[in-house]
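Listed below, chain by chain, are the residues.
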Amino acid sequence: MSILFPKVQKPREWDYRPIYYDEEKEARKQKLARLHHGSFREEHEKNMSTLQQKNKSKLVFWLALLGLAILLYLFLR
């Protein structure tokens, strides 16, 4: 039967998906590329310094809020 009807492979279908530019994805790739160059310590120190700054600003906010609450309590008493 294969002599009369030989099998012919179908041509490959064209599967096109457009690629859109994603700025966040490119930034992640850049950061990952920097990490692969051996700057783990630098990235860690930078992350820790930003974390410490955030914690310090939170502490200042809560202390100011506590001070305002104490002043409000003293004046309304």
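In what follows, the accompanying structure is described.

Thresholds applied
- Residues numbered from 1 in each chain as written.
- Predicted model: local features only at pLDDT ≥ 70, side-chain atom pairs only at ≥ 80, totals over all residues.
- Heavy atoms only, no water.
- Helix = DSSP H or I, 4+ residues; strand = E, 2+ residues; numbered from the N terminus.
- Rg over C-alpha atoms; globule rule 2.2 N^0.38 Å.
- Buried < 20%, exposed > 50% of the residue type's maximum accessible area, 1.4 Å probe, protein only.
- Lys, Arg positive; Asp, Glu negative; His and termini not counted.
- Charge placed at Lys NZ, Arg CZ, Asp CG, Glu CD.
- Phe/Tyr/Trp six-rings, centres within 6.5 Å; stacked < 30°, edge-to-face > 60°.
- Patch = residues over 30% accessible without salt bridge, like charges linked within 9 Å, V, L, I, M, F, W, Y side chains within 5 Å.
- Areas by Shrake-Rupley, 256 points an atom, 1.4 Å probe, with all protein chains shown as cover.
- Salt bridge = Lys/Arg side-chain N within 4 Å of Asp/Glu carboxyl O.
- Contact = heavy atoms within 4.5 Å.

## Digging into the overall build of the chain
Looking only at helices and strands, the chain has 2 helices and 0 strands in total. Here the chain has a C-alpha radius of gyration of 31 Å; the compact-globule value for 77 residues is 11 Å, and the former is much larger. Structurally, the chain occupies a C-alpha span of about 105 × 40 × 25 Å along its principal axes. Sorting the 77 residues of the chain into buried and exposed places 4% on the buried side. Across the chain, the mean location of the 15 positive side-chain charges is 6 Å away from that of the 9 negative side-chain charges.

## A closer look at the packing of aromatic side chains
Under the criterion given, the structure shown has 2 aromatic pairs. Taking 5.5 Å as the distance between ring centres and 10° as the angle between the ring planes, the aromatic pair formed by Trp-14 and Tyr-16 counts as stacked. Neither Trp-14 nor Tyr-16 differs from the other in exposure class; each is exposed. Between Phe-61 and Trp-62, the aromatic rings sit 5.2 Å apart at their centres with planes inclined by 70°, giving edge-to-face as the arrangement. The exposure class of Phe-61 is partly exposed, given its relative accessible area of 49%.

## Structural notes on a negative patch on the surface
Taken together, the side chains of Asp-22, Glu-23, Glu-24 and Glu-26 make up a negatively charged region of the molecular surface. Within the secondary structure layout, Glu-23 lies in helix 1 (residues 23–36). Here Glu-23 falls in the exposed class, since its relative accessible area comes to 60%.

## Remarks on the environment of Arg-34
Its place among the elements puts Arg-34 in helix 1. With residues near it in sequence (within four places) discarded, Arg-34 still touches Ser-39, Glu-43 and Lys-46.

## So, a nonpolar patch on the surface
A cluster of nonpolar residues, Leu-59, Leu-63, Leu-66, Leu-68, Ile-70, Leu-71, Tyr-73, Leu-74 and Phe-75, forms a patch on the protein surface that exposes about 1000 Å² of accessible area. Positionally, Leu-71 belongs in helix 2 (residues 40–76).

So, to be careful, I would describe these as geometric facts and stop short of saying anything about function.
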